[in-house]
Amino acid sequence: MFYHVLKYVLLGPWLRLVFRPRIEGLEHIPADGAAIVAGNHLSFSDHFLMPVVLKRRITFLAKQEYFTGPGLKGRLTAAFFRSAGQIPVDRSGKEAGQAAIREGLGVLAKGELLGIYPEGTRSHDGRLYKGKVGVAVMAITAGVPVIPCAMVGTFEIQPPGKVVPRVKRVTVRFGAPLDFSRFAGMEGEKAAVRAVTDEIMYEILALSGQEYVDDYAAKVKAAEEEAKARTGGSRGRFPRRGR
């Protein structure tokens, strides 16, 4: 119930008024039934701006850190995400990926919308990174369509490290549903899940117009931070913006 209070009373109207999101391709979201919405992840604001434009409720697999923060701020953040129906997922350890898949399949089994960021983390520089295969495993196992989504402009309003977002118009763009029924029963085959994941990322790329990096975001970020620590600084770079 609190999800709908947030969306239609407390938070949603304010977000629509301030950011005036352009919505493209909303007709691609099915009116009912299970489906995965797979999007790029540029900003903390994505968690709110995508759901507010949808007519249906969507559940995201949220990182566990949102639920375990210290102090009053941590408790308030955890309460907010729980009330909004988000599911905490532990991303550490060997079983982390399997736990996320189990939780996601549980949402889909109820005929609901599941929101996923295949990159696994926010882009630290505005580029689109290689997707992790969990989205493919869930899509094939559950036999559900995947709707690609591009958030455009959210990196500019709230890049990593910025607490209060800038007031600027953003775009939420949905693509046509992707059908992976031809891969039925192949969720355990590495080549199949990699092919499905790459197809999803290609469609997100076509919608967002981002620069693509064929490597994992967390790996690239860690390497850049290590290099920066060794040199004591780094040259600035300007990410290519989405269209």
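Residues numbered from 1 in each chain as written. Predicted model: local features only at pLDDT ≥ 70, side-chain atom pairs only at ≥ 80, totals over all residues. Heavy atoms only, no water.

A. Region of interest: the overall build of the chain. Scanning the chain from N- to C-terminus turns up 9 helices and 9 strands. Long-range pairs, those at least 24 residues apart, make up 79% of the contacts in the chain between residues at least 6 apart in sequence. Total accessible area computed for the chain in this model is approximately 12500 Å², and 56% of it derives from carbon and sulfur atoms. (Helix = DSSP H or I, 4+ residues; strand = E, 2+ residues; numbered from the N terminus. Contact = heavy atoms within 4.5 Å. Areas by Shrake-Rupley, 256 points an atom, 1.4 Å probe, with all protein chains shown as cover.)

B. Layout of the sheet that holds strand S4 (residues 87-89). What the 7 strands build is an open sheet, ordered S1-S8-S7-S2-S5-S3-S4; its pairing is mixed. Each end of this open sheet is capped by a strand with a single partner; those strands are strand S1 (22-24) and S4. Sheet twist, expressed as the mean angle between neighbouring strand axes with direction ignored, is 25°. As defined by bridge partners, strand S7 (residues 146-152) adjoins strand S8 (residues 171-174) across 4 bridges and the pair is classed as antiparallel. What sits directly across from valine 152, in S8, is threonine 171. Lying over the sheet, helix H3 (residues 46-53) contacts S1, strand S2 (35-39), strand S3 (58-63), S7 and S8, oriented at roughly 60° with respect to S8. (Pairing = 2+ DSSP bridges. Axes fitted to C-alpha atoms, helices over the stretch in contact; angles between N-to-C directions.)

C. The arrangement of the nonpolar core in detail. Formed by 27 residues in total, the largest nonpolar core has its most connected members in Ile36, Val146 and Ile200. Of all the secondary structure elements, the ones that give two or more residues to this core are S2, helix H5 (96-109), strand S5 (113-116), helix H6 (134-142) and helix H8 (190-208). Setting aside chain neighbours within four positions, we find isoleucine 200 in contact with Ala38, Val135, Val146, Leu178 and Phe180. In this structure, Val18, Phe19, Leu113 and Ile147 belong to the second largest nonpolar core, which totals 23 residues. (Core = buried A, V, L, I, M, F, W, Y, C linked by side-chain atoms within 4.5 Å. Buried < 20%, exposed > 50% of the residue type's maximum accessible area, 1.4 Å probe, protein only.)

D. Representation of the packing of helix H2 (residues 12-19) against H3. Their axes nearest at 10 Å, the elements H2 and H3 cross at an angle of 100°. The orientation of H2 with respect to H3, classified from their angle, is roughly perpendicular. The segment H2 lies against H3, with Gly12, Leu15, Arg16 and Phe19 engaging Phe48, Leu49, Val52 and Val53. A per-class count over the contact of H2 with H3 returns 6 nonpolar, 1 polar and 1 charged. (Parallel < 35°, antiparallel > 145°, perpendicular 65-115°, else oblique. Nonpolar A, V, L, I, M, F, W, Y, C, P; charged D, E, K, R; others polar.)

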